[in-house]
Amino acid sequence: QVQLVESGGGLVQAGGSLRLSCTASGRTFSIAAMGWFRQAPGKERDIVAAIRWSGGSTFYADSVKGRFTISKDNAKNTVYLQMNSLKPEDTAVYYCATDRGNIIGIVPVNLYEYGYWGQGTQVTVSS
């Protein structure tokens with residue numbers, strides 16, 4: 001079992017920045033990758049970024065490349081998402097997640113490859 005707690009969401013104006021944090025506890029030794037997903041009203045949950053726990057390989061959705069940076073602190077079992085140059089379309093509930101095991105490829109990028117989820121944190125970007 002893995003438990004995830006997110007923090008750092010809030011309100012920000014367009015062009016501003018936020019830094020999200022997600023700390024894992026429990027069976028953290030089993031983590032192969034962690035990811036950030038977001039879900040806006042009326043839309044499906046989509047991947048934003050992901051990082052391999054060992055080695056640090058990353059993946060970014062095209063919509064956030066150059067603006068968001070995913071990073072991790074293995075000692076703290078924590079993953080971060082630095083979000084810069086925020087746009088109104090970034091408004092969503094952001095979730096962190098850990099892989100469910102037996103991942104294919106270096107970094108999992110599909111919803112079904114993740115098994116444990118945080119409670120979500122709201123990010124609202126005003127125009």
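Reading the values: the criteria
- Residues numbered from 1 in each chain as written.
- Predicted model: local features only at pLDDT ≥ 70, side-chain atom pairs only at ≥ 80, totals over all residues.
- Heavy atoms only, no water.
- Helix = DSSP H or I, 4+ residues; strand = E, 2+ residues; numbered from the N terminus.
- Rg over C-alpha atoms; globule rule 2.2 N^0.38 Å.
- Buried < 20%, exposed > 50% of the residue type's maximum accessible area, 1.4 Å probe, protein only.
- Lys, Arg positive; Asp, Glu negative; His and termini not counted.
- Charge placed at Lys NZ, Arg CZ, Asp CG, Glu CD.
- Salt bridge = Lys/Arg side-chain N within 4 Å of Asp/Glu carboxyl O.

J.: What should I look at first to understand the overall build of the protein in this one?
T.: A tally of helices and strands in the protein yields zero helices and 11 strands. Written out in order from the N terminus, the α and β elements of the protein read β-β-β-β-β-β-β-β-β-β-β. Against the globule reference of 14 Å for 127 residues, the protein gives a C-alpha radius of gyration of 14 Å, in line with a compact fold. By its C-alpha atoms, the protein is 40 × 25 × 25 Å across when sized along the principal axes. Expressed as a percentage of the 127 residues in the protein, the buried residues total 43%. Looking at the protein, you have 12 positive and 9 negative side-chain charges, and the mean spots of the two groups are 4 Å apart.

J.: Would you mind going over the pattern of salt bridges with me for this structure?
T.: Between side chains of opposite charge, a pair can form as their charged atoms come close. If you walk through the whole model with that rule in mind, you get three salt bridges. Across the salt bridge formed by aspartate 90 and arginine 38, the nearest N and O atoms sit 2.9 Å from each other. Taken together, the residues aspartate 90 in the loop between strand E8 (78-83) and strand E9 (92-99) and arginine 38 in strand E4 (residues 33-39) connect sequence positions 52 residues apart. A salt bridge links lysine 65 to aspartate 62, with the shortest nitrogen-to-oxygen separation between them at 3.1 Å.

Any functional reading would require information beyond the geometric quantities listed.
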